[in-house]
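Coordinates in review
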Amino acid sequence: AFALLLSIQTDSALARERPGAAARGGAAAGALQRRQPPQNRTLTRTSETRRIDNGYVRNSTITNGQGQTATQERTVINDREAGTRSVDVTRTGFDGKTRSMSLDMQRTEDGHTTSRTLTNAEGETATRNTSVSNDREAGVRTRESGFTTFDGRSGTRLSPPPPGSC
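Residues numbered from 1 in each chain as written. Predicted model: local features only at pLDDT ≥ 70, side-chain atom pairs only at ≥ 80, totals over all residues. Heavy atoms only, no water.

Let's shift gears to the side chain of Thr114. As for its position among the elements, Thr114 is in strand β6 (residues 111–119). Not counting chain neighbours up to four residues away, the residues in contact with Thr114 comprise Leu103, Asp104, Met105, Arg128, Asn129 and Thr130. (Helix = DSSP H or I, 4+ residues; strand = E, 2+ residues; numbered from the N terminus. Contact = heavy atoms within 4.5 Å.)

This part is about the side chain of Thr75. Looking at the element boundaries, Thr75 is found in strand β3 (residues 69–79). By relative accessible area, which is 18% here, Thr75 ends up buried. Every residue in contact with Thr75, bar those within four places of it in the chain, is listed here: Ile52, Tyr56, Val57, Ser86, Val87 and Asp88. (Buried < 20%, exposed > 50% of the residue type's maximum accessible area, 1.4 Å probe, protein only.)

You will see that Asn54, though not glycine, has its phi angle at about 60 degrees, which is positive. Mapped onto the fold, Asn54 is located in the loop between β1 (43–52) and β2 (55–64). A residue is classified by how much of its surface remains accessible, and Asn54, at 51% relative accessible area, is exposed.

The subject of this paragraph is a positive patch on the surface. A surface patch of positive charge is lined by Arg116, Arg128, Arg136, Arg141, Arg143 and Arg157. As for its placement among the helices and strands, Arg141 is situated in strand β8 (residues 140–148). Residue Arg141 is classed as exposed on the basis of its relative accessible area of 54%. (Patch = residues over 30% accessible without salt bridge, like charges linked within 9 Å, V, L, I, M, F, W, Y side chains within 5 Å. Areas by Shrake-Rupley, 256 points an atom, 1.4 Å probe, with all protein chains shown as cover. Salt bridge = Lys/Arg side-chain N within 4 Å of Asp/Glu carboxyl O. Lys, Arg positive; Asp, Glu negative; His and termini not counted. Charge placed at Lys NZ, Arg CZ, Asp CG, Glu CD.)

A separate point is the sheet that holds strand β4 (residues 84–92). The nine strands are arranged β1-β2-β3-β4-β5-β6-β7-β8-β9 in an open sheet whose pairing can be described as antiparallel. Both outer strands of the open sheet, β1 and β9 (154–159), are each paired with one neighbouring strand and no more. If you compare each strand with its neighbour and ignore which way they point, the axes differ by 10 degrees on average. Relative to β6, strand β5 (residues 98–108) runs antiparallel, the two sharing nine bridges. (Pairing = 2+ DSSP bridges. Axes fitted to C-alpha atoms, helices over the stretch in contact; angles between N-to-C directions.)

Right, let's talk about the pairing of β9 for a bit. Taking burial as the measure, the six residues of β9 include zero buried ones, a minor fraction of the element. When β8 meets β9, the two strands line up antiparallel, connected through six bridges. Looking across to β9, one finds that Gly146 is bridged to Thr156. Hairpin connection, β8 to β9: the antiparallel pair is bridged by five residues, and Gly152 has positive phi, about 95 degrees.

Quick look at the structure:
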């Protein structure tokens, strides 16, 4: 009990020392106000995995305490020679709505590229295309991503940022 009291007092003291921490409730407030999961939440999960050429298919079903079910089918295909990996996931939630994700990865000479498409329950799509390159001699990894959100906004991100942009 003494150690717990000491840690709470230490968190409170640290929160007072950080600018803006008091306005956010401080570190101790966040630690003491964690939401507890419902105690009556019973979930049962069954999964079946089947091997296929260069990958697998996994079908899972989750049943909650009210007897509702949610399902997921995940298909993973690997082609080591081509340096590719493909992952397709379709989920139907407890609400009966379906969501999906498609991910394609390709190894490149100095890194990899990734293309991901998400489809939400309303049929809207979001995408992200990423290219990563590694310069081992300079010890630098560059990552460039372009994205489009479900509501149609788009943008790009480069990391690390170009010199002089900060």
